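# Residue-level structural notes
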Amino acid sequence: MIEIGKFKLDSDFDYRIIREENNDVDLYIDINYRCVDIDIKKSEFFNSRIQFPYVRSILLRINKEGHIMTVHLMRDIDLFSAFANFEVDYTNSIFKIKNFQEKVIISKD
């Protein structure tokens, strides 16, 4: 498990810190063009999950003093290749990026 400030990450994948300024940290996680399922659990809008096919990598933009991060899904290794992004509140939780039968499951507990 990785801990950066208040952020806790449990991942099956290697990561690299590609930027660190003041309290901001960018984690780059290469998932090698796998399909990504975001487990949304109880949602009033979606039924069970959101799926993104063919994702090269995930970029997590974290503030060490906050509790909100931005998740960027990347189509290529280029940092400008993000095709989707969203914010996650990780207050009192563990953010998970797990490999499950060559598919990536993103969730938080």
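All of these numbers come straight from a predicted model, not from anything done at the bench.

## Some points on a nonpolar patch on the surface
Together, Ile18, Leu79 and Phe80 make up a nonpolar patch on the protein surface, roughly 350 Å² of accessible area in all. Among the secondary structure elements, isoleucine 18 is positioned in strand E3 (residues 15-21). Note on isoleucine 18: relative accessible area 36%, which makes it partly exposed.

## A closer look at the nonpolar core
If you look at the biggest cluster of nonpolar residues, it comprises 26 residues, and the most contacted ones within it are Phe7, Leu9, Ile58, Leu60, Met69, Phe95 and Ile97. Within the residue set of this core, elements represented by two or more residues are strand E1 (2-4), strand E2 (7-11), strand E4 (24-39), strand E5 (49-63), strand E6 (68-74), strand E7 (82-89), strand E8 (95-100) and strand E9 (103-108). The leading source of residues in this core is E4, at six residues. What leucine 9 contacts, discounting residues up to four positions off in sequence, is Met1, Ile2, Leu27, Ile29, Leu60, Phe95 and Ile97.

## Quick look at unusual backbone geometry
The phi angle at tyrosine 54 is positive, at roughly 55 degrees, despite the residue not being glycine. In this structure, tyrosine 54 sits in strand E5. The backbone phi angle of asparagine 92 is positive, close to 50 degrees, even though this residue is not glycine. Here asparagine 92 lies in the loop between E7 and E8. By relative accessible area, asparagine 92 is classed as exposed at 80%.

## Observations regarding the side chain of serine 107
Mapped onto the elements, serine 107 comes out in strand E9. Classification of serine 107 as buried rests on a relative accessible area of 11%.

Reading guide: rules and limits
Residues numbered from 1 in each chain as written. Predicted model: local features only at pLDDT ≥ 70, side-chain atom pairs only at ≥ 80, totals over all residues. Heavy atoms only, no water. Patch = residues over 30% accessible without salt bridge, like charges linked within 9 Å, V, L, I, M, F, W, Y side chains within 5 Å. Areas by Shrake-Rupley, 256 points an atom, 1.4 Å probe, with all protein chains shown as cover. Salt bridge = Lys/Arg side-chain N within 4 Å of Asp/Glu carboxyl O. Helix = DSSP H or I, 4+ residues; strand = E, 2+ residues; numbered from the N terminus. Buried < 20%, exposed > 50% of the residue type's maximum accessible area, 1.4 Å probe, protein only. Core = buried A, V, L, I, M, F, W, Y, C linked by side-chain atoms within 4.5 Å. Contact = heavy atoms within 4.5 Å.

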